[in-house]
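# Notes for the structure review
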Amino acid sequence: MKTWKRLLTTAIMVTLIMSLLAACGKSDSKSTEAASASGEGAAASDEAVELTYLTTGDLVAAPLAKDDRIIAEINKRLGIKLNLKIVPYGANDQVIAAFASGDYPDVVTTSYPTQAVSQWINEGILVPINDYLDEMPTVKQKLENGLQWTAIDGKYYGYLYQVGGEHSNYTITYRQDWLDKLNLQLPTTLDDLYNVLKAFATQDPDGNGKADTYGLTTTKPGAGSRISTFDFAFYAYGLPYADYELDDQGNVIPRFEHPAFKQGIEYLRKLNEEKLIDPEFLVNDNGGKEQKFYQQKAGAMDDALFRNVSRIEGSLQAVNPNGVIGWTAPPVGPEGKGGMWTVPKGGLLTGITKEAKNKEKAAKFIEFLLSPEGRDLLQNGIEGIHYTKDGDKITYNEEERAKDGFAKNGWSHPLAWGNVIYPLDASYLPQTEPNRDRAIQSVEISSKTQIPNLVPTIGPVELKNSAIVNEIYNQYFLDIINGKIDIDTGIAELSKKWRQQGGDEILKEITDEYNKLKK
Amino acid sequence: MHSRFYGSRLFDGFNVIILTLLGVITLYPFWDTLVVSLSPLDDNLSSAVHLFPRHFTLAAYDYIFGMKELWTSYGVTIFVTVVGTLISMLFTVLAAYPLSKSSLKGTRVIMFLFVFTMMFSGGIIPTYLVVKNTGLMNSVWALIIPTVIFTYNLILMRTFFQTIPESLEDSAKIDGCSDVGVLFRIVLPLSLPSLATITLFYAVARWNEYFNAIFYITDHDLWPLQLFLRGMLFQNEAAYMSGGESTFLLGPSVKMASVMAAALPILLLYPFFQKYFVKGAMLGAVKE
Amino acid sequence: MSTPENKLVLSKVSLPDKKVLRKHAALRYVWKHRYMYLMLVPAVIYYIIYHYVPMYGAVIAFKDFSITKGIMGSPWAGFEHFQYLFGLDKFWRVFWNTVQISLLRLVFGFPLPLIVALLLNEVRRQLFKRSIQTIIYLPHFISWVILGGLMVNLLALDSGAVNSMLHGIGIGPIGFMSDPTYFRGTLIGSMIWKEFGWGTVIYMAALAAVNPQLYEAAMMDGANRWQRMLHITLPGIKSTIIILLILRLGSMMEAGFEQILILYNPAVYSVSDIIDTYVYRIGVTEGQFSIAAAVGLFKSVINFTLLIIANRLARMTGEQGIY
């Protein structure tokens, strides 16, 4: 009996361990099965080249169905077998880890510029696409008209999509109903803006009998970024460039050494001292900022418009049925200058890795994503299935579109989000958009006042040091507008500290780049 | 005698008041989340504190329960939680028992080597390679096997085993039980509260896990619930940035309904485990 | 085989024999406890494959990592990454912040779950006890993203519920989220708020394992509740408390990355920026595996040292310790 028992327990133990080992074994065989199955698939249609595309995608995109007809259509048109890998939202880390472990896709879309991408380029993991540009007319046209600076020693390592590079939708949004109530116009100058914010803060625009409103609210800066939402004040006083400035001798200097900075920050300090700015704006994320706007706490905020017009006004009206939003160009200074949106120095890079066996097909795939043909397929779908066309009028078949992951109301297929273009840059608004004219007008206004950069690139030194010097900038910016430090002393200290802790190195790099461009 | 009785009563009274207060304070975030998930946009946007739903609506739940992704991610997470917890418990119990015997040679060294891994690791690259080479990439097993034992839980389990009187085990051995027999027949039945606790710890951790999924899963159909939730939480932000489709009219309530949908199933587990935390779980065994 | 002759020879050649004998003894010992060792096998395999095989990667902290050359093939960099790290403008300031915040979390956060568990243990009505137990563990399941949004609403300077209440009794307003004087309090308070209930779970399990006969005996001896708590309950769960304390000390360099990342802002960096948030924010760890590993190693060495000291102290006082 005893031995029997012992045998049994041994057997249980062994089975347990075996089953555990088997658990690993099983998954192993499963994945190899899958791999061989897909391998067979590729072999069956011997023309189809398997193409793995790794992208961080866009959260807004719906997941892809297994039998997605758009992917099938792309496969058919390009003679490829697309293997799409979308990593979860915000997981650029995964892309970096996969690359660092030697796991390369054929085509990748990722943030640019980053130190990781620089490394991929330096180590030859991303390959230049110059040789394939003849196959990529749309990409070529874009690269050679404004994106020349993305080339490194004459070589393009992919197509850079600058979010908001061609158009912008960013300005100050006001409570139009409050302005009307207080008999004020949308402010066009800094003085107007001061008066409007003053009235918002002191004349009880919400009519609740309490002094509980602010003029302007905004958000905290992103990790490693400069506080930039008040930059309109500097541009109004004539700060010419968004990134770096030139002094009288033509030397590259940081923005706070330019006279416009002092004037701008004096203005901001006045707004802050008179409590016209939300005292806790540093606590706000974007949702928090908008909430303050909806909840009658602030009468103005910086925000992106375009297709957000309907969303912001809709939300406002959910709280205040009479709420109306209004906007105009950023306020101008004494010389009539002004602006708010700056051209971004980066975005999303879509490139080809050395792993790609058929680089021509990979290039054709990138071209397709950006080409009018590809845009049409990814926005509208397949004619007759996803939509019907009657002259210029497109009628969507929402039911069929939903099957392939198209977003509602004429928005795109999952593959169209977060790689080579966004609706803003294509000026794309579906015909269903209720505030179409206003949305388009917001883009016209904002795009006209874009502030240029002195140099379009971010070099390796700046990539490494920018977050550290931005911290210093932010600290002094806050200390000055909060009145903790005298303006001149503050700027002088900022200048010294900024230059010491990496700023001088950056300036040197920028100067070199600037001199190269001048030639 | 009387003063002691009153003192005890007074303490009971205070105790109830303090615990009730703590209960109210800790209930608030959950309650607020629930109320927002059940309220329409105008109520949610118009005030910052939500004590009661003024207009009750299930629209947000209709919306998220209509999403296919929610159901696939439920499937993944339930599988990972159930199967993962079972395997983890098996591994942990099997290892914790011998390690609880300080007289057994070598256990201290092994324990030290296990604890060492809590502090030092090779980093993401070699771990990624091991996961890849063991064939777990893009499979649900990647969410289980690479973290099958939590050293923290192993240590706790071992500590609990150590509180069991050796005399009980010795008498079982005299009765002819092997070590394995002692573990399964004597030790485990005596350890129900701690088994329940460690099971709960594993289940909750598996349920809330998303880190491994970010690194090892690219197939959207294998995304666990927490990735779905993260998606819902960041959606408005992303939609704002990119101009994508936004569910703004449901806005906050959809976010909070997602939080509820992601938390409720695992919360329901607790009362079930609670019954093992009753004093005297050992009593019966000891008297036997 | 064992002829007398053999034995004689064996006893003469003494050194290797003892070894053989000892080996036999060891083997016999292992064989006697074979089930015990067999039970360890799955865990040992797991730790080897998923922890010790990848461990070589730690050398990346001393290398200039190149993707194409791999970890082992990358050139050595010595302590360059550590020097860079320690030379960063704010490194030592955020290091001290980490230590201070961690100590505050320990001092205020560690005892509370124990106290609440003891209070719950004294509750006689089971329904009440279970309800409270369930309620206090709820916030553990609400992520910091959600709690952060909630806290901004509750603690807002002008119209937050807390400041409105304080205003009612003539205090404030207090910038809980934006004033460096109060922000650490906000951090510690919210951490406790979220996690103390979850922390009681482990103690409830430990309390359930205390032998009830001891209580019966003590009651017969006329011990009051306080005495029973002091002389039976606490000693009964002492080993659990000590284990948790050692583990807590072994993670002193973890001061709540996710929480701080969500709650902090430039106005309170001076008091809330910890190593993890700092290196994340200035981007030195993104895609830079060598520096990230150096940060990790620096923290690990401190954590490990503290853990070893705490464990040694615990063993000196007769406790089992964690190893």
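Residues numbered from 1 in each chain as written. Chains lettered and ligands numbered in written order. Predicted model: local features only at pLDDT ≥ 70, side-chain atom pairs only at ≥ 80, totals over all residues. Heavy atoms only, no water.

### Thoughts on the overall build of chain C
Each helix and strand in chain C was counted, giving 17 helices and zero strands. In terms of C-alpha radius of gyration, chain C reaches 27 Å, well past the compact-globule figure of 20 Å for 323 residues. Taking all 323 residues of chain C together, the buried fraction comes to 53%. A fraction of 64% describes how many contacts in chain C between residues 6 or more apart in sequence connect residues 24 or more apart. Accessible area of chain C: about 15000 Å², with a carbon and sulfur share of 68%. Across chain C, 28 positive and 17 negative side-chain charges occur, with their mean positions spaced 12 Å apart. (Helix = DSSP H or I, 4+ residues; strand = E, 2+ residues; numbered from the N terminus. Rg over C-alpha atoms; globule rule 2.2 N^0.38 Å. Buried < 20%, exposed > 50% of the residue type's maximum accessible area, 1.4 Å probe, protein only. Contact = heavy atoms within 4.5 Å. Areas by Shrake-Rupley, 256 points an atom, 1.4 Å probe, with all protein chains shown as cover. Lys, Arg positive; Asp, Glu negative; His and termini not counted. Charge placed at Lys NZ, Arg CZ, Asp CG, Glu CD.)

### So, the sheet that holds strand 11 (residues 325-327) of chain A
Residues and elements named next belong to chain A. Taken together, four strands build an open sheet; the order of strands is 7-10-6-11 and the sheet is mixed. Bordering the open sheet on either side are strand 7 (214-217) and strand 11, each of which pairs with just one other strand. Neighbour-to-neighbour, the strand axes of the sheet open up by a mean angle of 25°, direction not taken into account. Helix-sheet contacts for helix 10 (residues 286-294) involve strand 6 (170-175), strand 7, strand 10 (298-304) and strand 11, and the interaxial angle to strand 10 is about 145°. Helix 15 (residues 436-448) contacts strand 6 and strand 11 of the sheet and is inclined by roughly 30° relative to strand 11. (Pairing = 2+ DSSP bridges. Axes fitted to C-alpha atoms, helices over the stretch in contact; angles between N-to-C directions.)

### As for the domain arrangement of chain A
Residue and element names in this part refer to chain A. Domain parsing of chain A yields domain 1 (4-165 + 345-422) and domain 2 (178-340 + 452-518). Listed per partner, the contact involves seven residues of domain 1 and eleven residues of domain 2. Between domain 1 and domain 2 lies a buried interface of about 780 Å² when both sides are counted; carbon and sulfur atoms form 67% of it. Our enumeration of links across domain 1 and domain 2 arrives at one salt bridge. With a closest N to O distance of 2.7 Å, Lys-345 and Asp-243 form a salt bridge. (Domains from an automatic or database assignment. Buried area = accessible area lost by both parts, 1.4 Å probe. Salt bridge = Lys/Arg side-chain N within 4 Å of Asp/Glu carboxyl O.)

### Side note on the interface of chain C and chain B
Counting residues at the interface gives 90 residues for chain C, matched by 99 residues for chain B. Approximately 8600 Å² of surface area, both sides summed, lies buried where chain C meets chain B, with 74% of it carried by carbon and sulfur atoms. For the interface between chain C and chain B, the tally reads two salt bridges. Where C:Arg124 meets B:Asp12, a salt bridge forms, and the shortest distance between an N and an O atom there is 3.7 Å. The tally of links from chain C across to chain B stands at 18 residue pairs in polar contact (both at pLDDT 80 or more). (Polar contact = N/O pair within 3.5 Å; in protein donor to acceptor, adjacent residues only side chain to side chain.)

### Considerations on helix 11 (residues 180-208) of chain C
Residues and elements named next belong to chain C. Its 29 residues place the ends of helix 11 43 Å apart at the C-alpha level, agreeing with the 42 Å of an ideal helix rising 1.5 Å per residue. Within helix 11, the axis deviates most sharply at Glu-195, by approximately 45°. Along helix 11, 23 of the 29 residues are buried, which leaves the element largely enclosed by surrounding structure. (Expected span 1.5 Å × (residues − 1). Bend = angle between axes of the 7 residues up to and from the residue.)

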